[in-house]
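# A closer look at the structure
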Amino acid sequence: MTSPLDAAGRSLEDYPRPSVAVDTAVLTVEDGQLCVLLVRAADADDATAWRLPGTFLHPGEMLSDAVARSLRDKAGVTGLRPQQLRVFDDPQRDDRGWVLSVAHLDVVRADRIPTTARIRLAPAADVPELPFDHRDIIDVAVEALQKRYEASPDPFELMEPAEPDGSFTLRELRLTHESVAGRRLPPDTFRRSMRAELVETGRLSHGRRGKPAELYRRRTD
């Protein structure tokens, strides 16, 4: 069936179409550093074999389904909730041809990411040489994550609370935020910026170094 003609007298088939891909920056904290998940291309042995998990969009497929498929098949992770970041549309970004990439971001705890010979975590500030514009995608993803962490306490729950009920000390929370920010955060300033989003539990921490500290939970109302 031929598409209707537009004002220029052309049908949809008359216009060249780019391929559409999805690439996902999965960020996490490991050993006090903000890290990104990288996968090794199955058919590549060179130095740029490492890259973000991604795939081409299949006919009739939604972007979210393509992202889930690429993360499952290439990174071995499921149950994530990726969010769209932006479209990377430089016509020269892929030497294989005209390819648009709809970049996504997801953030999970490191214990949900399997590591194998073809799956690794790399410090986001010091990734190896990557193909295409994957370094730019990581930079955009990190900036988006840092803005979220400036506004609210551990919104992606990267911290592993030491308490069974999920409560935590301000120091534990601050250390997680410092890992995301990549820099030290003054304790007093951090306390003031987060205090309105926290609820006191009325209990103190025990079994840690130093004197017991007050425990908090995130405000949910």
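On a predicted model such as this, the values are computed, not experimentally measured, just so you know. (Residues numbered from 1 in each chain as written. Predicted model: local features only at pLDDT ≥ 70, side-chain atom pairs only at ≥ 80, totals over all residues. Heavy atoms only, no water.)

### Section: the overall build of the protein chain
For the protein chain, the count of helices and strands is 4 helices and 9 strands. Within the protein chain, the proportion of its 221 residues that are buried is 40%. Counting contacts in the protein chain only where the partners sit at least 6 residues apart, residues at least 24 apart contribute 60% of the total. On the protein chain, roughly 12,900 Å² of surface is accessible, and the fraction owed to carbon and sulfur atoms is 49%. Between the averaged position of the 32 positive side-chain charges in the protein chain and that of its 37 negative side-chain charges there is a distance of 6 Å. (Helix = DSSP H or I, 4+ residues; strand = E, 2+ residues; numbered from the N terminus. Buried < 20%, exposed > 50% of the residue type's maximum accessible area, 1.4 Å probe, protein only. Contact = heavy atoms within 4.5 Å. Areas by Shrake-Rupley, 256 points an atom, 1.4 Å probe, with all protein chains shown as cover. Lys, Arg positive; Asp, Glu negative; His and termini not counted. Charge placed at Lys NZ, Arg CZ, Asp CG, Glu CD.)

### Things to note about helix α2 (residues 134-151)
A turn of α-helix holds 3.6 residues, and therefore any two residues three or four places apart point the same way. Taking 1.5 Å of rise per residue, 18 residues should cover 26 Å, and α2 covers 26 Å from first to last C-alpha, within 8% of that figure. Inspection of α2 places H134, I137, I138, A141, V142, L145 and Y149 among the buried residues, and these make up the whole buried set. End-on view of α2: buried residues confined to an arc of 130°, all on one side of the axis. Facing away from the buried side of α2 by over 90 degrees, the exposed positions are K147, E150 and A151. (Expected span 1.5 Å × (residues − 1). Arc of directions from axis to C-beta.)

### Quick notes on unusual backbone geometry
One non-glycine residue with positive phi stands out, namely D31, at about 55°. The phi angle at F132 is positive, at roughly 55°, despite the residue not being glycine. Here F132 falls in the partly exposed class, since its relative accessible area comes to 29%.

### Observations concerning the packing of α2 against helix α3 (residues 170-181)
Following both chains from N to C, one finds α2 and α3 inclined at 155°, their axes separated by 9 Å at the closest point. Relative to α3, the element α2 lies roughly antiparallel. As α2 runs across α3, the sense of the crossing is left-handed. Residues L145, Q146 and Y149 of α2 pack against T176, H177, V180 and A181 of α3. Per-class residue counts for the contact of α2 with α3 are 4 nonpolar, 3 polar and no charged. (Axes fitted to C-alpha atoms, helices over the stretch in contact; angles between N-to-C directions. Parallel < 35°, antiparallel > 145°, perpendicular 65-115°, else oblique. Left-handed = near helix turned anticlockwise from the far one by under 90°. Nonpolar A, V, L, I, M, F, W, Y, C, P; charged D, E, K, R; others polar.)

### What about the side chain of R93?
You can see R93 is positioned in the loop between β5 (83-88) and β6 (99-107). Looking at R93, its side chain comes within polar contact range of the side chain of D133, at 2.7 Å. When sequence neighbours within four positions are dropped, the list of residues in contact with R93 reads D23, F88, V99, L100, S101, F132, D133 and H134. (Polar contact = N/O pair within 3.5 Å; in protein donor to acceptor, adjacent residues only side chain to side chain.)

### Some details on the domain arrangement of the protein chain
Domain assignment breaks the protein chain into domain 1 (16-149) and domain 2 (170-218). Each of domain 1 and domain 2 has a C-alpha centre, and these two points are 31 Å apart. Between domain 1 and domain 2, a total of about 560 Å² is buried, with carbon and sulfur atoms accounting for 65% of that surface. Area buried by domain 1 at its contact with domain 2 is led by V29, Q146 and Y149, which between them contribute 73% of it. At the surface where domain 1 touches domain 2, the tally comes to 4 residue pairs in polar contact (both at pLDDT 80 or more). Counting residues per element, the ones that place at least two in the side of domain 1 that touches domain 2 are β2 (33-40) and α2. Considering each element in turn, the side of domain 1 that touches domain 2 owes the most residues, 3 residues, to α2. Partitioning the side of domain 1 that touches domain 2 into residue classes produces 4 nonpolar, 3 polar and no charged. (Domains from an automatic or database assignment. Buried area = accessible area lost by both parts, 1.4 Å probe.)

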